[in-house]
Amino acid sequence: MSPVSNTIEAQLRTLLPSDQVLIGNDILSAYKSDFIGTDVGFAEAYFKVYNTEQVQKVVRFAYDHDLPITIRAAGTNLVGSTIPHGGIIIDMSAMNKILELDEENHTILVEPGVLLCDLQQYVEERGLFYPPDPAEKHATIGGNIATNAGGMRAVKYGVTRDFVLGLEVVSAEGKVIDLGSKCLKDATGLNVKQLFIGSEGTLGVITKCLLRLINKPEATAHALVGFSSLREAITAVNDLHAANLAPTAIEFVEKKVIAFGEAFLQQEFPLPQCAAYLVITFDGTTVEMPEKIARCQQVLSAKHQIEFLDLKDETVAQRVWTVRAALAKAVQASGIWEPVDTVVPLSDIATFVDYISELSEETGIRILAFGHAGDGNVHLCILKDALPAEQWPAKLDVVLTKLYRRVYQLHGKVAAEHGIGRHKRKYFMQEVGANELDLMRRIKYALDHKGLFNSHSGYTA
């Protein structure tokens, strides 16, 4: 831990009630890491805040004393965004109230610490729907906004950014700024609100979130489609788009990846004879669901050798999605690994996945692939396996450097929904254009000229 003066330490201890403050070595390692947990940072003070006024108080103190600020909540991030490098940790998880549901305008106002699963349940019980659906349901809404999380339903509904109407943020100087409104149209000045969505806590602290809702779909239907290879499965996605079927979600996953989820959850996945799968979801009216499923089977079987399972049984359908959603946790339980969250144009998914197989063979490092086939988001798990610990960092660096180089050659991007954080920063900096980076840094300076917010991550200097 980097030292602070005894005077500043004494002031830190009295900023908020004592049960909301931890100092120095009393700060738990879990508060200084991310979901992976292998990299632990350091900080002088930790504050659990309960309202905007407390956020302001802590931020103003940090600003006056040039103390870095790292913002966290559930800590489910996978790229080191919540790993501090000195200074202050602000924990937003206790700001978890649903403040207002406006059913007439289809909006909901929440604090940033509200969990995604709680928000979804709350609105769906009232016949409404919040479409963004990242796999980690115990992530917070503030975290989803900070990373512009996508999830499985992005192919039809879009990502978190598309459902944020307004934000309350605390600036670097501790000022409260209201951005956006309940209006669906807004051409009033610069769209500053959008700068904070996906900014990974580098521009300010989000303290309230105004979200757009839609009516809950009347019915949902699922299909599991098995293929002889992952390339065949991914190639089939274009056929679904060409048929104008408008699926809600299209997930691809290999059998060898599913095996992790099966072992972790002690649940069997259907169609065990297949090498790869598409898990496809439709939503809409009750009447059209059987037609969508039948049409899906017809389109895919016309060009591919498939095994098709209509997941009419809700228990089986839930088991399929549960295994898919648990993959990251299953891999985490298996040992040391590195998560990768890339995105490439839809036309290049198969090319990229083929390259991953070649890279794995070339380097001798096992790489598991799964992701959102409908929007080009390819998730990878790079596994250390039995490689000696002292060789892992260098070997991983070789794999990631080659992998991200190929992503950019295919006109893709380093991060689809996890953000850059600390772990991807090096590779982002290797590929980003100089003019684009300069613009990002000038925006950062305009909003946080001391560089205090999460300056160890992302695009910051």
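These remarks concern the structure in this document.

So, how was this worked out
Note that residues are indexed from 1 along each chain, following the sequence as it is written. Predicted model: local features are reported for residues with pLDDT of at least 70 only, side-chain atom pairs are reported and counted for 80 or more only, and whole-chain, interface and lining totals are derived from all residues. Hydrogens and water are ignored here; the side-chain numbers use all heavy atoms of the structure. Burial status follows relative accessibility: with a 1.4 Å probe on protein chains alone, a residue under 20% of its type maximum counts as buried, one over 50% as exposed, and anything between as partly exposed. For the purposes of this entry, the term helix denotes a DSSP run of H or I that reaches at least four residues, the term strand denotes a run of E that reaches at least two, and both are numbered from the N terminus. The pairing criterion for strands is at least two bridges between them, as found by DSSP. Stacked, edge-to-face and tilted labels apply to pairs of Phe, Tyr and Trp rings (six-membered ring for Trp) whose centres lie within 6.5 Å, assigned for plane angles under 30 degrees, over 60, and everything in between, in that order. Distance and angle both matter: a charge sits over a ring if NZ of Lys or CZ of Arg is within 6 Å of the ring centre and within 35 degrees of the ring normal. Two cysteine sulfurs form what is called a disulfide whenever their separation falls within 2.5 Å. Only the contacting stretch of a helix is used when fitting its axis, a line to C-alpha atoms as for every element, and angles between N-to-C directions run 0 to 180 degrees. Oblique is the label for any angle not covered by the other classes, which are roughly parallel (under 35 degrees), roughly antiparallel (over 145) and roughly perpendicular (65 to 115). Crossings are sorted by hand: turned counterclockwise from the far helix by less than a right angle, the near helix makes the crossing left-handed, and turned clockwise it makes it right-handed. We call two residues in contact when some of their heavy atoms are within 4.5 Å. By the convention adopted, Pro, Cys, Tyr, Trp, Phe, Met, Ile, Leu, Val and Ala count as nonpolar, Lys, Arg, Asp and Glu as charged, and the other residues, Gly among them, as polar.

## Looking at the pairing of strand β8 (residues 164-170)
Point 1. Summarising burial for β8: seven of the seven residues are buried, a large majority.
Point 2. In the sheet, β8 pairs with strand β10 (residues 205-212) via six bridges, with the strands oriented antiparallel. Paired with Val 170 across the bridge in β10 is Val 205.
Point 3. Pairing of β8 with strand β9 (residues 176-180) involves five bridges; the strand directions are antiparallel. Within β9, the position partnered with Leu 167 by the bridge is Leu 179.
Point 4. Taken together, β8 and the strand that follows it, β9, pair antiparallel across an intervening segment of five residues, in which Gly 174 is found at a positive phi of about 90 degrees.

## Focus: the packing of aromatic side chains
For any pair of aromatic rings, the description rests on two quantities: the centre-to-centre distance and the angle between the ring planes.
Point 1. Counted under the stated rule, the structure contains five aromatic pairs.
Point 2. Each ring, one from Tyr 130 and one from Phe 163, has its centre 6.3 Å from the other, and the planes form 75 degrees; the classification is edge-to-face. A residue pair is termed long-range when its members are at least 10 positions apart, and Tyr 130 in the loop between β7 (128-129) and α4 (141-147) and Phe 163 in the loop between α5 (154-157) and β8 qualify at 33 residues. Here the two residues Tyr 130 and Phe 163 agree in accessibility, since each one is buried.
Point 3. Seen from their ring centres, Tyr 404 and Tyr 427 are 5.4 Å apart, and the 40 degrees between their planes marks the pair as tilted. Here Tyr 404, found in helix α13 (residues 392-409), pairs with Tyr 427, found in helix α14 (residues 425-431); they are 23 residues apart in sequence, far enough to count as distant.
Point 4. Taking the relative accessible area as the measure of exposure, Tyr 427 reaches 7% and is therefore buried.
Point 5. The ring of Tyr 122 is capped by Arg 126, whose NZ or CZ atom sits 3.7 Å from the centre of that ring.
Point 6. In this structure, Arg 406 packs its charged tip against the face of Tyr 355, placed 6.0 Å from the ring centre.

## Quick look at the state of the cysteines
Point 1. By the definition in use, this model includes zero disulfides.
Point 2. Cysteine Cys 209 is unpaired, with the sulfur of Cys 117 as its nearest cysteine sulfur at 15 Å.
Point 3. Unpaired in terms of disulfides, Cys 296 finds its nearest cysteine sulfur in Cys 274, a separation of 14 Å.
Point 4. Overall, Cys 296 belongs to the buried group, its relative accessible area being 0%.

## Overview of the packing of helix α12 (residues 349-363) against α13
Each pair of packed helices can be described by the angle between their axes along with the distance between the axes.
Point 1. Running from N to C, α12 and α13 point in directions that differ by 155 degrees, and their axes come no closer than 11 Å. Considered as vectors, α12 and α13 are oriented roughly antiparallel to each other. Along this stretch, α12 crosses α13, giving a crossing that reads as right-handed. In this structure, α12 contributes Thr 351, Phe 352, Tyr 355, Ile 356, Leu 359, Glu 362 and Thr 363 to the contact, and α13 contributes Lys 395, Val 399, Lys 402, Leu 403, Arg 406 and Val 407.
Point 2. When grouped by side-chain class, the residues that make up the contact of α12 with α13 number seven nonpolar, two polar and four charged.

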